[in-house]
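One letter stands for each residue in the lines below.
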Amino acid sequence: MTTYKRPLELLEGDSLVKICAPMVRYSKLPFRTLVRKYDCDIAFTPMIVSESFNQSIKARHSDFTTNSGDRPLIVQFAASQAKDFADAAEIVVPYADGVDLNCGCPQKCVTIFN
Ligand SMILES: Cc1cc2nc3c(=O)[nH]c(=O)nc-3n(C[C@H](O)[C@H](O)[C@H](O)COP(=O)(O)O)c2cc1C
């Protein structure tokens, strides 16, 4: 099993922590693998819409792939309902070191939530 420093351990340390922010369409597994080769300490997934992620296995497989070297990893979700966010977080918990709720994305697909 690969061992690595967890995000809080990194952030509490004395060294500069390099974080790759979430970018829709870009921060998928191949991109994360690349930035980790350039010393990125923590990588985010792109924003994932939690409602469809929970409802469709197809959406889940298309939105989220990972592997054992893809840590530490923060998975970012968009959600308008707390339960959607919590359910999505539960699904990724074995593969992630944290979840992030995107509260400020101006994209239409995010702002149309009720
Ligand atoms: C193409 C693109 C996609 C982005 N997608 C997301 C996203 O999915 N979630 C998010 O919180 N921020 C997103 N952002 C914002 C970035 O995460 C980041 O906060 C922003 O680029 C500012 O970072 P910088 O000061 O290092 O440039 C995106 C930015 C870009 C350029």
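Thresholds, definitions, all that
- Residues numbered from 1 in each chain as written.
- Predicted model: local features only at pLDDT ≥ 70, side-chain atom pairs only at ≥ 80, totals over all residues.
- Heavy atoms only, no water.
- Core = buried A, V, L, I, M, F, W, Y, C linked by side-chain atoms within 4.5 Å.
- Buried < 20%, exposed > 50% of the residue type's maximum accessible area, 1.4 Å probe, protein only.
- Helix = DSSP H or I, 4+ residues; strand = E, 2+ residues; numbered from the N terminus.
- Contact = heavy atoms within 4.5 Å.
- Phe/Tyr/Trp six-rings, centres within 6.5 Å; stacked < 30°, edge-to-face > 60°.
- Lys NZ or Arg CZ within 6 Å of the ring centre and 35° of its normal.
- Salt bridge = Lys/Arg side-chain N within 4 Å of Asp/Glu carboxyl O.

An unreviewed UniProt entry lists the protein under the name DUS-like FMN-binding domain-containing protein, with Capitella teleta as the source organism.

Visitor: Please explain the nonpolar core as it appears in this structure.
Guide: Across soluble globular proteins, you tend to see nonpolar side chains buried next to one another. Formed by I48, F53, F64, L73, V75, F77, A88, V92 and A96, the largest nonpolar core amounts to nine residues. Looking at this core, the element that brings in the most residues is strand β4 (residues 73-78), giving three residues. A96 has contacts with R71, L73 and V75, leaving out every residue within four places of it along the chain.

Visitor: Can you walk me through the packing of aromatic side chains in this structure?
Guide: Working definition: an aromatic ring pair is given by the centre-to-centre distance plus the angle between the planes. Under the definition given, this model contains four aromatic pairs. Where F77 meets F85, the ring centres are 6.2 Å apart and the plane angle is 70 degrees; that geometry is what we call edge-to-face. Among the aromatic residues, those joined into a ring-pair cluster are F53, F64, F77, F85 and Y95. Across the ring face of F53, the terminal group of R60 is positioned such that the distance to the ring centre comes to 5.9 Å.

Visitor: What exactly am I supposed to notice about the pattern of salt bridges here?
Guide: Inspection of every chain in the model, using the stated rule, returns six salt bridges. Note that D97 is salt-bridged to R6, the shortest N-O span being 3.8 Å. Placement of D97 in the loop between α5 (82-92) and β5 (98-101) and of R6 in the segment before α1 (7-12) is noted, with a sequence separation of 91 residues between them. Residue R6 is classed as partly exposed on the basis of its relative accessible area of 40%. A salt bridge links R32 to D70; the shortest N-O distance between them is 2.7 Å. Here D70 lies in the loop between α4 (57-63) and β4 and R32 lies in helix α2 (residues 29-37), a separation of 38 residues in the sequence. Like R32, the residue D70 is buried in the burial classification. Salt bridges sharing common partners tie together R6, R71 and D97.

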